[in-house]
Amino acid sequence: MSPASRASRAVASATALALLAGGVTACGSGEKAAAPSSSTTPLFSTPPNAFEQQRADGVTALLDALTKALTSGDRAGLDALIDPLATPAFRQSLHRAQDDLRPAPAPRAATSVAPTATPSAAAPQSPAPQRSVPRRSPRSGDRPSSSAPAATVPRGSNLVLRTLQYRLAPSAGPERLIGGELGVRLNDAGASDTWVTPITASYALGGAARPGVDEPVIDVPQELAVARYGDDWKLLGDGSLAPDESVDPTQEVRPPELVPWAFGGLLADDVPTAGGTSSILSYPGTDRTVAKVRDQLAPAVAAVTAFWGDAWVRKAVIQVTGTPEQFAGFTRTAPGETNAAAAATVFSRIDGGAKTVIGQRVVLAPAAGQLSVAGIGVVLRHELTHVATRLDTADDAPMWLTEGVAEYVGRRGTKVDFTDVAPELSAQIAAGDVPKALPSDKDFSVDTDAARLAYQSSWSFATFVAQKYGEDKLKRMYLAVAQGGPVAKTDAALAGALGVDRATAVAQWRTWLGKQVR
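Residues numbered from 1 in each chain as written. Predicted model: local features only at pLDDT ≥ 70, side-chain atom pairs only at ≥ 80, totals over all residues. Heavy atoms only, no water.

(A) Representation of the sheet that holds strand β9 (residues 317-320). Strand order across the open sheet formed by five strands is β7-β8-β9-β13-β10, with mixed pairing between neighbours. Of all strands in the sheet, those with a lone pairing partner are β7 (267-273) and β10 (343-346), marking the two edges. On average, adjacent strands in this sheet sit at an angle of 20° to one another, irrespective of strand direction. Here four bridges tie strand β8 (residues 276-282) to β9, and the two strands are oriented parallel to one another. Paired with Ile280 across the strands is Ile318, a residue of β9. Contacts from helix α7 (residues 324-331) reach β9, β10 and β13 (361-364) within the one sheet, and its direction differs from that of β10 by about 30°. Each of β9, β10 and β13 is contacted by helix α8 (residues 373-389), which is oriented at about 15° to β10, the strand it contacts most. (Pairing = 2+ DSSP bridges. Helix = DSSP H or I, 4+ residues; strand = E, 2+ residues; numbered from the N terminus. Axes fitted to C-alpha atoms, helices over the stretch in contact; angles between N-to-C directions. Contact = heavy atoms within 4.5 Å.)

(B) Seen up close, the packing of helix α12 (residues 449-469) against helix α15 (residues 502-516). The interhelical angle for the contact between α12 and α15, taken along N-to-C directions, is 100°, at an axis separation of 10 Å. With respect to each other, α12 and α15 are oriented roughly perpendicular. Each of Ser457, Ser460, Phe461, Thr463, Phe464, Gln467, Lys468 and Tyr469 in α12 lies in contact with α15, whose residues at this interface are Ala505, Gln508, Trp509, Trp512 and Leu513. Considering only residue class, the contact of α12 with α15 consists of seven nonpolar, five polar and one charged. (Parallel < 35°, antiparallel > 145°, perpendicular 65-115°, else oblique. Nonpolar A, V, L, I, M, F, W, Y, C, P; charged D, E, K, R; others polar.)

(C) Representation of the pattern of salt bridges in the model. The final tally for this structure, using the stated rule, is 18 salt bridges. Notably, a salt bridge pairs Arg75 with Asp99, separated by 2.7 Å at the nearest N-O pair. One end of the pair, Arg75, is in helix α3 (residues 75-81); the other, Asp99, is in helix α4 (residues 88-101), with 24 residues separating them in the sequence. Residue Arg75 is classed as partly exposed on the basis of its relative accessible area, which comes to 26%. Here the salt bridges share partners, and the residues they tie into one network are Arg55, Glu175 and Asp193. (Salt bridge = Lys/Arg side-chain N within 4 Å of Asp/Glu carboxyl O. Buried < 20%, exposed > 50% of the residue type's maximum accessible area, 1.4 Å probe, protein only.)

Dropping the structure here:
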């Protein structure tokens, strides 16, 4: 695996994607918004001059006013912060963000059509890589079923954040000013200064009510363009108005991490789970999927705990997307790259000292809407296994382990035939071609026959280990092998957990496979 791929696993899980083939303190609900705190992060490595300090103070006051306007629902107050020369798209993106975050006395009505949407300008602009690998969806019960919860209950109510603060961030690059035609128009309008600056959106859920998930604060970088008129500063746009000239334009640009209100129509619903409140964040057109998630989330948390134990948060944030653009945005992938996906698990960072995963999300794709209630349950159990094991999983843990065990837990307790779960693997075995080795990480490429076979093989190996050696040893194997490292190290870890070397375990698995397909 390339270094870039390894780096991406530090931001997102070994993302589980199901292929649908075959088988601020903000408030809502009538609460009053608490006054935001002022930005206090040190911005300068050396003492600033009077101009730099005055500029920083002015933009800090603008960001504090933005936070207050977004969460109070004061449309006139928000519009007063936006430069008249800002594009309609930028203005509309801020309006959508305010609609998502403003106090709401009652849930918005459910919708049935997912409109095309673009990310809000309040979304961050920082790089955040993401690797995606496919996983088959359930072949048993993967079609809509009459037993699916009816979509007559609204998706939820406006999102309530535990805290939100936009603040200036230090800049190490050259100063970026607005030039060209827009710069001339700004000058003619009376602007005395322009600035494109990095900022940070620091937020924490929340949910449908406070405290909700009550998660740690997530720092999401973005860039903002502003203009000065007298003593006042106005919001002009994002960093694209003055691209960073120090960045090589031929260099691959990694998709940014997005805040939940990057797309319009966001609603939140809270679900009690074993570790506390879990939240479902959803977007237009996802009513039926939300109803299924609402039905399956608490049982899925319990099922993962039954296998892994209670040494994990036992709660989660589920994002249910309604368009491919939303799914690509929240999973930090290129649009169209994961069209066949049903779900992915991502996170912002890991606080090693506090042993806490920051900003972990299970993101459901629009394609998940095709799954039945039982199918959603399988996907949630799989993804929540990644949530539960995150702190025990090294960046370079082999994917036959991480995806195989997650798939095993996803299907644990379900009554499905081997050939139904693993049709490609079954066909290969029936043709006399029994796998000779466990799949490599490169086999888990997105939406390929090799990827489907890799998922089925890794699931079958985990199932074999559980049946022959017991679930306790399957978990022990995970904890040992998931420490990663060279193949020799992971092989020794496997041998220590199972009591046999890798070659013997693979030989036993191959014999077991032959008995599953007659």
